[in-house]
There are 2 protein chains.
Amino acid sequence: MTQMTEAKAGRITAEMKQVANKEGVSAEFIREQIAAGKIVIPANKNHQHLDPNGFGEGLTTKVNANFGTSEDYPEVDKELEKLEAAVEAGADAVMDLSTGDKITETRQAILAEAEVPLGTVPIYQATVETLQDDKAIVDLTVDDLFGVIEKQAQDGVDFITVHCGLTLETIRHLKEEGRVTDIVSRGGSFITGWMLHNDAENPLYEYYDRLLEIAYEYDVTLSLGDGLRPGSLADATDRSQIHELLVLGELVDRAREADVQVMVEGPGHVPFDQIETNIQLQKELCKGAPFYVLGPLVTDIAVGYDHIAAAIGGTMAASCGADFLCYVTPAEHIGLPNIEEVREGVIATKIAAHSADIAKGNSSAKKQDLQMAEARKALDWEQQIELAIDSKKAKESRAAHNQEIQDEDACSMCGSYCAMKIVDEAL
Amino acid sequence: MTQMTEAKAGRITAEMKQVANKEGVSAEFIREQIAAGKIVIPANKNHQHLDPNGFGEGLTTKVNANFGTSEDYPEVDKELEKLEAAVEAGADAVMDLSTGDKITETRQAILAEAEVPLGTVPIYQATVETLQDDKAIVDLTVDDLFGVIEKQAQDGVDFITVHCGLTLETIRHLKEEGRVTDIVSRGGSFITGWMLHNDAENPLYEYYDRLLEIAYEYDVTLSLGDGLRPGSLADATDRSQIHELLVLGELVDRAREADVQVMVEGPGHVPFDQIETNIQLQKELCKGAPFYVLGPLVTDIAVGYDHIAAAIGGTMAASCGADFLCYVTPAEHIGLPNIEEVREGVIATKIAAHSADIAKGNSSAKKQDLQMAEARKALDWEQQIELAIDSKKAKESRAAHNQEIQDEDACSMCGSYCAMKIVDEAL
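Keep in mind that what you see is a predicted model, and the values were worked out from it rather than measured.

Caption draft 1: Expanded view of the sheet that holds strand E10 (residues 324-326) of chain A. Residues and elements named next belong to chain A. Strands sit in the order E3-E4-E5-E6-E7-E8-E9-E10 around a closed barrel of 8 strands; the barrel is parallel. On average, adjacent strands in this sheet sit at an angle of 25 degrees to one another, irrespective of strand direction. Pairing geometry for strand E3 (residues 62-67) and E10, over 3 bridges, is parallel. Directly across from Lys-62, in E10, lies its bridge partner Phe-324. Its contacts with the sheet put helix H5 (residues 103-113) on E3, strand E4 (93-96) and strand E5 (118-120), and the angle it makes with E5 is roughly 160 degrees.

Okay, structure coming up:
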């Protein structure tokens, strides 16, 4: 039984109630939306200590933070610190993208700690273990791959990215139309390498029913990955990307029929003026499935500031209907983020999510800003710090910027020429 | 004679040619747009060493950086360092908002150095000097005010913010409708205080012709300030703001008739979904005058990260037609920015301007991103650093993030599992 089985049968689960409480909506609304496939609650039966979150239409926009070990940076403890920093900064979900040498150990350690939903990309572990056995990526067997997926599901992973829509036909589009940056999805590149070498269809597509069975058993939410997501503005909204999205739409239908919760992943690098089209297309082709976007980045040149480029794209995407934003850190396109960059990435993405929620008319988001406006008018600095998206930073910054100031009510920006004060006296 | 006089007479000036070269458009196009009032080239006859820039329809989006002394931080040298940092980071114009005790000296020092257009807000100096004479703000005389404006014009200031649209009628709207944060424009607050105390019309409105005469003499571009710009999302797009904009539209007509170049300033704090309306309204009511916006900030709660909230709003605004973005730094709502924050503010705003230029189809902006995409595909790190919006930061960040890495072609994000490499081999 999955959340979807229960929802379709008209039953409200404990998880639906918890999400309804957090969102300030009725549990019945959550149930209806889950039954219709428009909201998912990734909640693996084996994830202990999970505090569930909902993702989808009618809910606040959620934020995901990625981390994980790599061959060059294999320490598990560092990743647990990133988990803590991400959640403290406001992440609603996290993904463990480990490719270091102790993937299972890392995941289990994260799952034991994480109260937020945890996602993974099982093809990473399947590929890394194949290479560790002194084989090539292309030697990965279908059973190896599904073995890893089953193991991760059993461990309690709440959602998995699976690039099921990357088919031989998608690759034909890629080859014929051409691209500047081809494939930038790591999982997508593994699968493409495998398919081309073995001259075979993508096993995640060919054996999709096998995937659905595992997902159903543990109530793992499928996050249908976009292996062909554009890696540069020049490649955005091209035939390969849209063909893959068409396939994903069909796979959404099949997941819903199987009572498996499903969301769809989206780009990537997208010019600001194409974001609305991308969101609308996904919502239509995938019949309202929750949309999980990476960025989108609205320029390719913001190296060192990609969290800002992503916050711009993310606000636009979420205000057009994207439900779930994957963070981008200042280290994107450079290397693995450190803890401070994880924090910055989460905060920038939270700003995008919150600003979009206001644009969509969410009353609790609007209330936060109204309270801040009132605190500003009252020159109540303690309250302003309390209401800030990052109170710690707000407090430190105020202290650092106002050491010389004579007027404690004001700030060094205007000093005694404070508009708030002058107008208050005048009116 | 002003740029506008020349343009209307069909003559192309040296400044028009310089701007045309920078923008990759014809000098005749610039001339036509200046004659129509849709482009301005702020270029005071007395500003030595000016490298002129154009602002308006059909040109790339420009970025302004503010700095200036205050009573608590009066050192002129610090402000000259901020000028240098802002221009190095890519600012197309700067404003000296000094309110310290040596305003004239500071301005003249900045003007001697600045090759970019310099703007000021003369009411600041007029007010500060009144207070220095042991008088109250409300004792400022009309002649004092115009004396300061004339002096600043004579010194070579290229554009001045003048809150001419803040009238008794605008204040009636403010009082009757009510607001959460009333007036947050410093200049607006000085004028409001003066008007209410003296029970008199705003001298910048009443004696607008006197202002036009000074502006004409030195070819100072008027930047019609929005004293009633909303200081919180709750106050956005209200009657006071829109009434002031109506008045500004009429004043644009009068400036154009007098051959005075004019642009219009805009908000402020605006919910993401109201930005398009704000831009469209300004462009219609002010008949295509260049639009200079502050942010807009899409949330009130991003204390410490307001440069990100402004980059989000600025991208939307510029893609809808705003021509000139005033930067917001991470110190906004906290205090005066330090040099590093000036840099961060400029870069974030440049990301917004550039992303919007791509959305508007600007070919040179698109080319920069295409080159970056090609450098990424080629794993050409030197080229990526060269093309980055902040090469210095990109270089430092790459070095810091990849100390442990074994594969020099790749980065620590994916290490040897580099999608670019895998797909290159597979395809």
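So that's the structure; there's more coming.
Caption draft 2: Molecular detail of the UniProt feature "binding site: Zn(2+)" (unreviewed entry) in chain A. Within the UniProt annotation, "binding site: Zn(2+)" (unreviewed entry) is assigned to His-269 and His-333 of chain A. In sequence the annotated residues extend across 65 residues, while in space they remain close, none of their C-alpha pairs exceeding 12.1 Å. Of note, His-269 of chain A is situated in the loop between strand E8 (262-266) and helix H13 (275-285). Apart from residues lying up to four places away in sequence, His-269 of chain A is in contact with Pro-230, Gly-231, Ser-232, Leu-233, Ala-236, Leu-297, Asp-300 and His-333 of chain A together with Arg-376 of chain B. For His-333 of chain A, the location among the structural elements is in the loop between E10 and helix H15 (339-359). Those residues in contact with His-333 of chain A that lie beyond four places of it in its chain are His-269, Leu-297 and Asp-306 of chain A together with Arg-376, Trp-381, Gln-384 and Met-413 of chain B. Within the structure, the side chain of His-333 of chain A is placed 2.7 Å from the side chain of Asp-306 of chain A, a separation counted as a polar contact.

Caption draft 3: Representation of the environment of Tyr-205 of chain B. Residue and element names in this part refer to chain B. Within the secondary structure layout, Tyr-205 lies in helix H10 (residues 203-206). Classification of Tyr-205 by relative accessible area gives partly exposed; the value is 28%. Through-space distance from the C-alpha of Tyr-205 to that of Gly-288 is 21 Å; in sequence the pair is 83 residues apart. Excluding residues within four positions of it along the chain, Tyr-205 makes contact with Cys-164, Thr-167, Val-247 and Leu-251.

Caption draft 4: Quick look at the relation of the copies chain B and chain A. Rotating chain B by 180 degrees about the axis while translating it 0.0 Å along that axis superimposes it on chain A, leaving an RMSD of 0.0 Å. Both copies of the chain, as the preceding transformation shows, are related through a two-fold rotation axis. Among all C-alpha atoms of chain B, that of Ile-312 of chain B lies closest to the rotation axis, at 2.2 Å. When the interface residues of chain B are mapped onto chain A, 100% of them are again interface residues, pointing to one common binding face.

Caption draft 5: Geometry of the state of the cysteines. On inspection of all chains with the given rule, the structure shows 0 disulfides over all chains. Cys-320 of chain A takes part in no disulfide bond, and the closest cysteine sulfur to it belongs to Cys-320 of chain B, at a distance of 12 Å. No disulfide involves Cys-286 of chain B; its sulfur sits 12 Å from the nearest other cysteine sulfur, which is in Cys-164 of chain B.

Caption draft 6: The sheet that holds strand E3 (residues 62-67) of chain B, seen in detail. Residue and element names in this part refer to chain B. Reading around the barrel, the 8 strands line up as E3-E4-E5-E6-E7-E8-E9-E10 and close back on themselves, with parallel pairing between neighbours. Neighbour-to-neighbour, the strand axes of the sheet open up by a mean angle of 25 degrees, direction not taken into account. Two strands pair when backbone bridges link them, and strand E8 (residues 262-266) and strand E9 (residues 291-294) are joined in this way by 3 bridges, in the parallel orientation. Bridge pairing in E9 places Gly-266 opposite Val-293.

Caption draft 7: Molecular detail of the interface of chain B and chain A. The interface is formed by 98 residues belonging to chain B together with 98 residues belonging to chain A. Roughly 8400 Å² is buried in total at the junction of chain B and chain A, and carbon and sulfur atoms are behind 68% of that figure. Per-residue buried area on chain B facing chain A is highest for Ile-301, Tyr-305 and Tyr-417 of chain B; these three make up 10% of the total on that side. Across the contact surface, chain B and chain A share 2 salt bridges. Here Asp-182 of chain B and Lys-377 of chain A are joined by a salt bridge, their closest N and O atoms 3.1 Å apart. Our count for the chain B to chain A interface comes out at 20 residue pairs in polar contact (both at pLDDT 80 or more).

Caption draft 8: Structural detail: the nonpolar core. Within the largest apolar cluster, 208 residues are counted, with the highest numbers of intra-cluster contacts made by Leu-211, Leu-222 and Leu-224 of chain A together with Leu-222 and Leu-224 of chain B. Dropping the residues within four chain positions of it, Leu-224 of chain A is found in contact with Val-162, Cys-164, Tyr-208, Leu-248, Leu-251, Val-252, Val-262, Met-263, Val-264 and Glu-265 of chain A.

Caption draft 9: Spatial organisation of a negative patch on the surface. Residues Glu-75, Asp-77, Glu-81, Glu-84 and Glu-113 of chain A together with Glu-404 of chain B make up a contiguous surface patch of negative charge. Here the element with the most residues in the negative patch is helix H4 (residues 76-89) of chain A; it accounts for 3 residues. With respect to the helices and strands, Glu-75 of chain A occurs in the loop between E3 and H4.

Caption draft 10: Just the packing of helix H12 (residues 239-257) of chain B against helix H13 (residues 275-285) of chain B, in detail. Residue and element names in this part refer to chain B. Between H12 and H13, the shortest axis-to-axis distance is 9 Å and the interhelical angle comes to 30 degrees. Comparing the axis directions of H12 and H13 gives the class roughly parallel. The handedness of the crossing between H12 and H13 is right-handed. For the pair H12 and H13, contact is made by Gln-241, Ile-242, Leu-245, Leu-246 and Gly-249 and by Asn-278, Leu-281, Gln-282 and Leu-285, respectively. Looking at the contact of H12 with H13 residue by residue, the class counts come to 5 nonpolar, 4 polar and no charged.

Parameters at a glance
Residues numbered from 1 in each chain as written. Chains lettered and ligands numbered in written order. Predicted model: local features only at pLDDT ≥ 70, side-chain atom pairs only at ≥ 80, totals over all residues. Heavy atoms only, no water. Pairing = 2+ DSSP bridges. Helix = DSSP H or I, 4+ residues; strand = E, 2+ residues; numbered from the N terminus. Axes fitted to C-alpha atoms, helices over the stretch in contact; angles between N-to-C directions. Contact = heavy atoms within 4.5 Å. UniProt positions renumbered as here; feature names shortened; annotations may be inferred. Polar contact = N/O pair within 3.5 Å; in protein donor to acceptor, adjacent residues only side chain to side chain. Buried < 20%, exposed > 50% of the residue type's maximum accessible area, 1.4 Å probe, protein only. Least-squares fit on C-alpha atoms with pLDDT ≥ 70 in both. Disulfide = S-S within 2.5 Å. Buried area = accessible area lost by both parts, 1.4 Å probe. Salt bridge = Lys/Arg side-chain N within 4 Å of Asp/Glu carboxyl O. Core = buried A, V, L, I, M, F, W, Y, C linked by side-chain atoms within 4.5 Å. Patch = residues over 30% accessible without salt bridge, like charges linked within 9 Å, V, L, I, M, F, W, Y side chains within 5 Å. Areas by Shrake-Rupley, 256 points an atom, 1.4 Å probe, with all protein chains shown as cover. Lys, Arg positive; Asp, Glu negative; His and termini not counted. Charge placed at Lys NZ, Arg CZ, Asp CG, Glu CD. Parallel < 35°, antiparallel > 145°, perpendicular 65-115°, else oblique. Left-handed = near helix turned anticlockwise from the far one by under 90°. Nonpolar A, V, L, I, M, F, W, Y, C, P; charged D, E, K, R; others polar.

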